[in-house]
Amino acid sequence: MSNSFDRRSFLRYSMIAGGAAGALGLTGALSSCSSDSGSGGGASSMNPKVQLSWQKNIEFAGEYFAIENGYYDAEGLGTPELITGGGAGTGVETGLTANKVWIGMTAPQLTAPVILQGAALMTVAATFQRNPFCIVSSAGRPILSPEEMKGRKIGVQASNENVFKALLTANNMTESDVQKITVQYDPTPLKNGEVDGWVSYVTNEPITLEESGFPNANFLFADFNLPLVAETLVVRQETIDNERDKLKAFLKADIKGWYDAVADPAGSARLAVTEYGKDLGLDEAEQTKEAIAQNALVVSDDTKANGLLTMTDELIAQNIEALAKAGYDIKPAQIFDMSLIKEVYEENPDLKR
């Protein structure tokens, strides 16, 4: 199975505290960078630079469809330049504060610490209504809740320690309740029985482990008091202030692309494997399974009622509470602005499908 563990570093969702904040410890320079409209941040209305949170796999199927079906072009945006992130790639918050990209896909626990340092960034939409973090375990000895982790060995990558601590805190537990084992990113120790559970990504490791002959079970962090959203669309505040119509046009096209992606997991996989991620060695059958699993994170009762990529006030409040558990005391108005996407749906009621 090629590229079976393409999520090893989880960088864009787990560089909390020492990672994201440390890498972006520019404090006073943060806001001043954003005023340089002449740099590569896409001041032109055509072909905006879009920083992805990761490599070009199934995760960005909505953007692929929006390009392939001409939705961005129809909105006067041309063809957005999708820039690979994660790994050695530039972090979204770095790209935005340095005015090197126009919009990026990231997560609240990465954006919050940078805002608290003084960056004028804002989240304007959320593709994943629930974050994909999970604990995966053997089907023979399943761990189906935080409570069931007590006394058991849990493999936790160094970069994921903060989000794991947040899960424990959210469920009135401490590290003394579990046997935390620091691990790397290949879950072979779980297969070998060296640990009982493994911090994972529900759209990746459970699928690849199953295909490798290791039946498994998992539970989502989002189902146990840590309902952070993911793949959030983040821009500089000045973009909202000065390019509101352009941003709304982008959101409109992106929404269309995501409705297409949700409706066609196999087509999403084909685009990822044969076009956008063709150099990654992705497996089409596996990517299709991941697309189906991903849809469960993209679509919710709220998005059925309000439209894809939206966030309700209740979900925003839950995210603020979850961020506090992760150590970030931030107000909703400092990080979330859903007014643009609400306007997009109000002006285009036919977008909902």
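Residues numbered from 1 in each chain as written. Predicted model: local features only at pLDDT ≥ 70, side-chain atom pairs only at ≥ 80, totals over all residues. Heavy atoms only, no water.

As named in an unreviewed UniProt entry, the protein chain is Thiamine pyrimidine synthase, taken from Gordonia jinghuaiqii. If you open the UniProt record of the protein chain and go to Pathway (unreviewed entry), you find "Cofactor biosynthesis; thiamine diphosphate biosynthesis." Under the heading Subunit (unreviewed entry), UniProt records this for the protein chain: "Homodimer." (UniProt positions renumbered as here; feature names shortened; annotations may be inferred.)

1. Brief notes about the overall build of the protein chain
Across its full length, the protein chain holds 18 helices and ten strands. Per-residue burial for the protein chain yields a buried fraction of 58% across its 353 residues. Partitioning the contacts of the protein chain with sequence separation of at least 6, the portion at a separation of at least 24 is 82%. Total accessible area on the protein chain stands at roughly 13,100 Å², and carbon and sulfur atoms take up 48% of it. (Helix = DSSP H or I, 4+ residues; strand = E, 2+ residues; numbered from the N terminus. Buried < 20%, exposed > 50% of the residue type's maximum accessible area, 1.4 Å probe, protein only. Contact = heavy atoms within 4.5 Å. Areas by Shrake-Rupley, 256 points an atom, 1.4 Å probe, with all protein chains shown as cover.)

2. A short note on the sheet that holds strand β8 (residues 197–201)
Ordered in space as β7-β6-β8-β5-β9, the five strands form an open sheet in which the pairing is mixed. With one partner strand each, in any of the chains shown, β7 (179–183) and β9 (216–220) form the two edges of the open sheet. Ignoring which end each strand starts from, the neighbouring axes of this sheet average 35° apart. Note: strand β6 (residues 153–157) against β7, five bridges, orientation parallel. By the bridge assignment for β7, K153 is matched with Q179. (Pairing = 2+ DSSP bridges. Axes fitted to C-alpha atoms, helices over the stretch in contact; angles between N-to-C directions.)

3. Topic: the pairing of β6
For a regular strand, the rule is simple: side chains alternate between the two faces of the sheet. Most of β6 is tucked away, with four of its five residues classed as buried. Once the chain exits β6 it traverses helix α8 (residues 161–170) before rejoining the sheet at β7, and the crossover so formed is right-handed. Examined bridge by bridge, β6 and β8 share two bridges and lie parallel to one another. Within the sheet, the bridge partner assigned to G155 lies in β8 and is W198. (Right-handed = clockwise from strand over helix to strand, strands pointing away.)

4. Describing helix α4 (residues 61–68)
Burial runs high along α4: seven of the eight residues are buried. Listed in full, the buried residues belonging to α4 are A61, G62, E63, Y64, F65, A66 and I67. Considering only its buried residues, α4 is in contact with α5 (71–74), β2 (81–83), β3 (103–106), α12 (244–263) and α13 (265–276). A positive backbone phi angle near 75° is found at G70, which sits one or two residues after α4.

5. Quick look at the nonpolar core
Core analysis: the largest hydrophobic core is formed by 96 residues, its most contacted members being M149, F164, L226 and L233. If you tally residues by element for this core, the top one is α12, at nine residues. Residues from two domains meet in this core; each of domain 1 (49–131 + 228–351) and domain 2 (133–223) gives at least three. Leaving out residues up to four positions away in the same chain, F164 has contacts with I135, M149, I154, V156, V178, K180, V199 and F221. In this structure, V136, V183, W198 and L209 belong to the second largest nonpolar core, which totals seven residues. (Core = buried A, V, L, I, M, F, W, Y, C linked by side-chain atoms within 4.5 Å. Domains from an automatic or database assignment.)

6. Here's the deal with the sheet that holds β3
Through backbone hydrogen bonds, the strands of a sheet pair up, either in parallel or in antiparallel fashion. On the basis of which strands lie adjacent, the open sheet formed by five strands has the order β2-β1-β3-β10-β4 and mixed pairing. Two strands in the sheet have a free side with no partner beyond their single neighbour: β2 and β4 (121–128). Here the average twist between neighbouring strands, direction ignored, is 25°. Here strand β1 (residues 49–51) runs beside β2; their pairing, made up of three bridges, is parallel. Note on β2: the bridge partner recorded for K49 is E81.

7. So, the confidence of the model for the protein chain
Summary statistics for the protein chain give a mean pLDDT of 88 and a share of 86% for residues scoring 70 or more. Under a pLDDT of 50 for its full length, residues 1–40 has, in the predicted model, 124 contacts with residues more than four places off or in other chains. (pLDDT = per-residue confidence, 0-100.)

8. Looking at unusual backbone geometry
Within the chain, N99 stands out as a residue other than glycine whose phi angle is a positive 60°. Looking at where N99 falls in the secondary structure, it is placed in the loop between α6 (92–97) and β3.

9. Some remarks on the packing of aromatic side chains
Taken as a whole and judged by the stated rule, the model has six aromatic pairs. For the pair F133 and Y201, a centre-to-centre distance of 6.5 Å together with 85° between the ring planes defines the contact as edge-to-face. Taken together, the positions of F133 in strand β5 (residues 133–138) and Y201 in strand β8 put the pair 68 residues apart, joining distant regions of the chain. Taken together, a centroid distance of 5.3 Å and an interplanar angle of 75° make the contact between F219 and F224 edge-to-face. (Phe/Tyr/Trp six-rings, centres within 6.5 Å; stacked < 30°, edge-to-face > 60°.)

10. Side note on the pattern of salt bridges
In the structure shown here, the tally under the stated rule is 15 salt bridges. Its salt-bridge partner being E147, residue K150 comes within 3.3 Å of it at the nearest N-O pair. For K248, the salt bridge is made with E347, and the minimal N-O distance between the two is 2.8 Å. Separated by 99 residues along the polypeptide, K248 in helix α12 and E347 in helix α18 (residues 339–347) bring together distant segments of the chain. Because the salt bridges share partners, they merge into one network encompassing E161, K165, E175 and K180. (Salt bridge = Lys/Arg side-chain N within 4 Å of Asp/Glu carboxyl O.)

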